[in-house]
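# Per-entry structural report
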Amino acid sequence: MKKNFKSLILSDLDSVIERDPATSSKFQAILFSSGFHAVFCYRINRFLWEKNWRLLARLLSQLTRFLTGVEIHPAASIGYGFFIDHGMGVVIGETSEIGNNVTMYQNVTLGGTNLFNKTGKISGKRHPTIKDNVVIGSGAQILGPITIGDNVKIGSNAVVVKDVDDNSTVVGMAAHQINKNTNHTFAAYGLEKNVTNPIDEDIDKIKRKIKELEKEIASLNSKK
């Protein structure tokens, strides 16, 4: 169900209090949360965009970018309960679609790939679709018209260029899935406790194998 403007703003405020340990009240969120400031301005710009005041919406979005360090194209679609922690450096492109209760940290990019029609102009959906209850860690780059499923956690500095299944955690460059989430609890920066990178585990296995082989070689040489 689509929420009205007031309900959207209240849900955004609630998300700040719920997910930011440094904020304990709506008053504090309004005063100090740069992420909320950016989202609030986006809501206004989106309203203007939908009313076909598109030049004004773009001008105000550029002003918001200057004031908050967060760039959200007014054509992007964002659901309720959206929270940007710390703000600064976030870029959300024109054809991005973001679901409900999504959390995003600083320096995240929802970037587009160029699709050209017969006249050579860019056309079609170029940016990601982020479904509900997703957490995106700082510095993550999500690129192209891909889909990030429900309850996904994306680790900091991950580069995601392929679809991600529901209830997954992805890390690395390019990001790879490391597990299926057994619970849907909030995880700061998209990282769960005791999560290890399978590539690091493989490297450790190779190192152990090399040491075993070195010992065997040394043992054979000593018998000569």
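Here, every reference points to the structure presented above.
Residues numbered from 1 in each chain as written. Predicted model: local features only at pLDDT ≥ 70, side-chain atom pairs only at ≥ 80, totals over all residues. Heavy atoms only, no water.

## A few points about unusual backbone geometry
One non-glycine residue, Asn-107, adopts positive backbone phi at about 65 degrees. Structurally, Asn-107 can be placed in the loop between strand E6 (103-104) and strand E7 (109-111). Of note in the backbone geometry, Asn-133 takes a positive phi value of approximately 60 degrees without being a glycine. Inspection of the secondary structure puts Asn-133 in the loop between strand E8 (129-130) and strand E9 (135-136). The exposure class of Asn-133 is partly exposed, given its relative accessible area of 35%. (Helix = DSSP H or I, 4+ residues; strand = E, 2+ residues; numbered from the N terminus. Buried < 20%, exposed > 50% of the residue type's maximum accessible area, 1.4 Å probe, protein only.)

## Observations concerning the pairing of strand E14 (residues 168-172)
With 4 of its 5 residues buried, E14 lies for the most part within the structure. Sheet topology places strand E12 (residues 153-154) next to E14; 2 bridges connect them, and they run parallel. Residue Ile-154 lies in a different strand from E14, and its bridge partner there is Val-170. (Pairing = 2+ DSSP bridges.)

## What about the packing of aromatic side chains?
All told, the structure shown has 2 aromatic pairs when counted by the stated rule. Look at Phe-5 and Phe-40: their rings are 6.2 Å apart centre to centre, the planes differ by 65 degrees, and that puts the pair in the edge-to-face class. You can see Phe-5 sitting in helix H1 (residues 5-19) and its partner Phe-40 sitting in helix H3 (residues 34-50), a full 35 residues away along the chain. Judged by its relative accessible area of 38%, Phe-5 falls in the partly exposed class. Accessibility expressed as a relative area gives 31% for Phe-40, which makes it partly exposed. Aromatic pair Phe-36 and Phe-40: ring centres 6.1 Å apart, planes at 40 degrees, arrangement tilted. Placement of both Phe-36 and Phe-40 in helix H3 is noted, with a separation of 4 residues, approximately one turn of the helix. (Phe/Tyr/Trp six-rings, centres within 6.5 Å; stacked < 30°, edge-to-face > 60°.)

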